[in-house]
Amino acid sequence: MASTADIATTRQPKETKAQKVERLKRSKNPWEDFDEVKEFARQGRADVLPEWANLYFKWWGIYTQGDGAGAIGGTGGEGKATQYFMMRIALPNGLLRSKQLRVIAQISERYAHSLADLTVRQNIQLHWLTIESIPDVIEALGAVGLSPKSACGDVTRNITGCPLAGIAADELTDASSLAVEAAHFLSSNNEFYNLPRKFKVSITGCPVWCSYPEINDVGFTPAVRERNGKREIGFSVRVGGGLSADPHLAIRLDAFIHHDQVIPVVRTIAEIFRDQDCLRENRDRARLKHLFTQHGWTAERFLRELNNRLGFDLDPGVEEFAPPDAYRDHVGIHAQKQPGLYYVGAAVLRGRITAAQMHAAAALAEKYATGELRTTNMQNLLIVNVPRENIDMLVLELNAAGLHVEASSFWRGAVACTGTEFCKLAITETKSFTRWLVEELEERVPEFDQPLKLNVAGCPNACGQHWIADIGLEGKKIKQGSNLVDAYYFCVGGAVGEHARISRQVGYRCIAEDVPEAIERLLKTYLATRDSNENLRAYFARHSDDALRAQLAGAIVAPVTRDLPAGPVPHGVGD
């Protein structure tokens, strides 16, 4: 007969994934235990503890690297980990010096197969790192003022901002110092090492909101008011934005925030997020947006809680005008507000950049400018403060390095997540596919004359931001004979700014090799039938899902579902 103790043990409920993660986070602050990582480096990959490989490493910007098969190569929607790691280097506001880029290039050459990726949160990401190399890599980064700390994990991710901060002729205020200050404060403060999930912040003084405040947990945008006959520039704030499998656009609070209030407001919103135990019960519903979508919070309730914790009431908000249709990939040659100076933006196709290209960009920034560069959330690279007389030679040498200053709409607008090449959660390969897709479209539709955001995501987690693209592709698998092959589900008409909306699921899916032909049909129909000066957003808005699906398919076809898996989607590695 079973003992009372045996019966009690049998009846004890199994620990959920969320409960396990919360227990592990309570038991250790990874920021304070980097010595353990050094010990793993001495002992080798086989001695890395599972809780570090699967969780704690993320607090240092590190993920285990997949074996190339992606999610289908493992179980439970997650693929197999290899002996290698990826590392994300945080660049607050995308600010980068030539000596820093040179060090990243050297690290890439020595440890990371001479490649790196620019990400949609203005980070630089390395792959192929061994456990033995990680302490040396972090030490080399620290010597030039860089760190991967807080680039992943349940913490504040890299704080984004306008890449043109301080140089854009049309900016209302330079908010880059606030972005940098907030990033350093939150990533060095142990009060914020244990948030329910990742916490994304954008702070910009840019009038076209190029850092996408609408999809951040917290997004500051410039606001202008008249007070006592004087013009005053502060900020509006939005909360609760995010993409993933359940996208939600951020909600604006009725508040005008002074410059000196930005850091206290960021801190207090982080505290509100941290203290919501209801968000720690389910990893799939643990973002700030879920207070609005799952727990009945409103903008008014959030503002009351914010004011109560601040100890004072923020001023009421002022009228705000979201930017109209604007496409700001920062590619090309553009005048700065400083007379005689320009910035030059290179389109880095799908964000993939080689060590040789990083060396070249660093050298050219020193040779023709002041050694300052910027990364963008469209995975591009800028060199700033270029005198007029240096532009032609700089452009010539950038193009020679494969960093194109002049490029097609397809090349400029393509964004791709990591995909199965390195990500354990991806369903499809994305980086090589995106390059091939761009080349195909350049050949098939050379007459296309509009800006185009073409975003490729390898799974429903939306690390490739397909929910806010003109044309968004979500990776799927389709059975073809006895094999599973890469396929993509189409979403169209996503936007930010004045016409912000999540892209529409039009019910069309095809295998990867048929995607160029489908997009060719859609774009050629648009060019042939558009109204005068009608952009893609407006064209999509006046056509039904059935009509757009027929244009993609070349025939009237029944809609297919997005085909989300029945169980929870494992969380992506996206910024």
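Above this text sits the structure in question.
Figured I'd write up the structure that's included with this text. Here the structure is a predicted model, which is why all the values come from computation and not from measurement.

1. Here's the deal with the overall build of the protein chain
When helices and strands are tallied, the protein chain shows 17 helices and 19 strands. The C-alpha radius of gyration of the protein chain comes to 24 Å, within 12% of the 25 Å expected for a compact globule of 575 residues. Judged by the C-alpha coordinates and their principal axes, the protein chain covers about 85 × 65 × 50 Å. A buried classification covers 58% of the 575 residues belonging to the protein chain. Here the contacts in the protein chain between residues at least 6 apart in sequence split such that 70% fall between residues at least 24 apart. Of the roughly 22500 Å² that the protein chain leaves accessible, carbon and sulfur atoms contribute 49%. Separation of charge centres in the protein chain, based on 66 positive and 71 negative side chains, amounts to 3 Å.

2. Observations regarding the layout of surface pockets
Looking at the largest pocket, its volume works out to about 940 Å³. Mapped onto the lining of the largest pocket, the elements with two or more residues apiece are α2 (17-27), α4 (50-54) and β1 (62-66). Counting residues per element, the lining of the largest pocket draws most heavily on α2, which supplies five residues. Looking at the lining of the largest pocket residue by residue, the classes come out as 17 nonpolar, eleven polar and 13 charged.

3. Topic: the side chain of Thr428
If you trace the backbone, Thr428 turns up in the loop between β15 (414-416) and α14 (431-444). Separated by 3.0 Å, the side chains of Thr428 and Tyr488 make a polar contact. Beyond its immediate stretch of four places on either side in the chain, Thr428 contacts Gly419, Thr420, Ala457, Gly458, Gly475, Lys476, Lys477, Asp486, Ala487 and Tyr488.

4. Observations concerning helix α11 (residues 355-368)
Between its first and last C-alpha atoms α11 spans 20 Å; for 14 residues at 1.5 Å apiece the expected length is 20 Å, and the two agree. Within α11, burial applies to Ala355, Gln357, Met358, Ala361, Ala362, Leu364, Ala365 and Tyr368. Against the buried residues of α11 lie α5 (98-111), β4 (115-118), β12 (352-354), β13 (372-375), β14 (381-387) and α12 (391-400).

5. Things to note about the environment of Arg121
With respect to the helices and strands, Arg121 occurs in the loop between β4 and β5 (124-129). Taking the C-alpha atoms as reference, Arg121 lies 25 Å from Lys25; in sequence the two are 96 residues apart. Sequence-distant contacts of Arg121, that is, excluding residues within four places in its chain, are made with Arg157, Asn158, Ile159, Thr160, Lys200, Val201, Asn216 and Asp575. A polar side-chain atom of Arg121 sits 3.0 Å from a polar atom in the side chain of Asn216.

6. Topic: the pattern of salt bridges
A complete count under the given rule lists 44 salt bridges for this structure. A salt bridge links Arg542 to Glu534; the shortest N-O distance between them is 2.6 Å. Since its relative accessible area comes to 40%, Arg542 is described here as partly exposed. Using a relative accessible area of 8% as the deciding quantity, one classes Glu534 as buried.

7. Observations regarding unusual backbone geometry
Residue Gln379 is not a glycine yet carries a positive backbone phi of 65 degrees. On the secondary structure map, Gln379 appears in the loop between β13 and β14. In this structure, Ala462 takes a positive phi of about 65 degrees despite not being glycine. Mapped onto the elements, Ala462 comes out in the loop between β16 (454-457) and β17 (471-480).

8. Thoughts on the pairing of strand β7 (residues 218-227)
Counted residue by residue, β7 has seven buried out of ten residues, so it is predominantly covered. Across three bridges, the pairing between strand β6 (residues 201-203) and β7 is parallel. Paired with Ser202 across the bridge in β7 is Gly219. Bridging between β7 and strand β8 (residues 230-239) involves ten bridges; their strand directions are antiparallel. Within the sheet, the bridge partner assigned to Pro222 lies in β8 and is Phe235.

9. Some points on the sheet that holds β12
Taking strand neighbours across the sheet as the criterion, the five strands line up as β1-β2-β5-β4-β12 in an open arrangement whose pairing is antiparallel. Strands with a single pairing partner mark the edges of an open sheet, and in this sheet they are β1 and β12. For this sheet, the mean angle separating the axes of adjacent strands, direction not counted, is 35 degrees. With two bridges joining them, β4 and β5 adopt antiparallel strand pairing. In the strand pairing of β5, Asp117 is matched with Gln125. Taken strand by strand, α5 contacts β2 (81-89), β4 and β5, and its axis lies near 20 degrees from that of β5.

10. A closer look at the packing of α11 against α12
The geometry of a pair of packed helices is captured by two quantities: the angle between their axes and the separation between those axes. Here α11 crosses α12 at 170 degrees, and the two axes come no closer than 11 Å. Between α11 and α12, the crossing angle belongs to the class labelled roughly antiparallel. When α11 is examined against α12, the residues Leu364, Lys367 and Tyr368 are found in contact with a partner set consisting of Met393, Leu394, Glu397 and Leu398. A class-by-class count of the residues in the contact of α11 with α12 yields five nonpolar, no polar and two charged.

11. Quick look at the packing of aromatic side chains
Counted by the stated rule, this structure contains 20 aromatic pairs. On the basis of an interplanar angle of 45 degrees and a centroid distance of 4.7 Å, the ring pair of Phe34 and Trp60 is categorised as tilted. Of this pair, Phe34 sits in helix α3 (residues 34-43) while Trp60 sits in the loop between α4 and β1, placing them 26 residues apart in sequence. Overall, Trp60 belongs to the buried group, its relative accessible area being 10%. Geometrically, the ring pair formed by Phe448 and Tyr526 is tilted, given 6.3 Å between the ring centres and 55 degrees between the ring planes. With Phe448 in the loop between α14 and β16 and Tyr526 in helix α15 (residues 515-529), this residue pair connects regions lying 78 residues apart in the sequence. Accessibility expressed as a relative area gives 8% for Phe448, which makes it buried.

Conventions used here
Residues numbered from 1 in each chain as written. Predicted model: local features only at pLDDT ≥ 70, side-chain atom pairs only at ≥ 80, totals over all residues. Heavy atoms only, no water. Helix = DSSP H or I, 4+ residues; strand = E, 2+ residues; numbered from the N terminus. Rg over C-alpha atoms; globule rule 2.2 N^0.38 Å. Buried < 20%, exposed > 50% of the residue type's maximum accessible area, 1.4 Å probe, protein only. Contact = heavy atoms within 4.5 Å. Areas by Shrake-Rupley, 256 points an atom, 1.4 Å probe, with all protein chains shown as cover. Lys, Arg positive; Asp, Glu negative; His and termini not counted. Charge placed at Lys NZ, Arg CZ, Asp CG, Glu CD. 1 Å grid on protein atoms, 1.4 Å probe; cavity = no way out; pocket = protein on both sides within 12 Å on 5 of 7 lines; lining within 4 Å. Points joined across faces, edges and corners; volume = space filled by probe spheres on them. Nonpolar A, V, L, I, M, F, W, Y, C, P; charged D, E, K, R; others polar. Polar contact = N/O pair within 3.5 Å; in protein donor to acceptor, adjacent residues only side chain to side chain. Expected span 1.5 Å × (residues − 1). Salt bridge = Lys/Arg side-chain N within 4 Å of Asp/Glu carboxyl O. Pairing = 2+ DSSP bridges. Axes fitted to C-alpha atoms, helices over the stretch in contact; angles between N-to-C directions. Parallel < 35°, antiparallel > 145°, perpendicular 65-115°, else oblique. Phe/Tyr/Trp six-rings, centres within 6.5 Å; stacked < 30°, edge-to-face > 60°.

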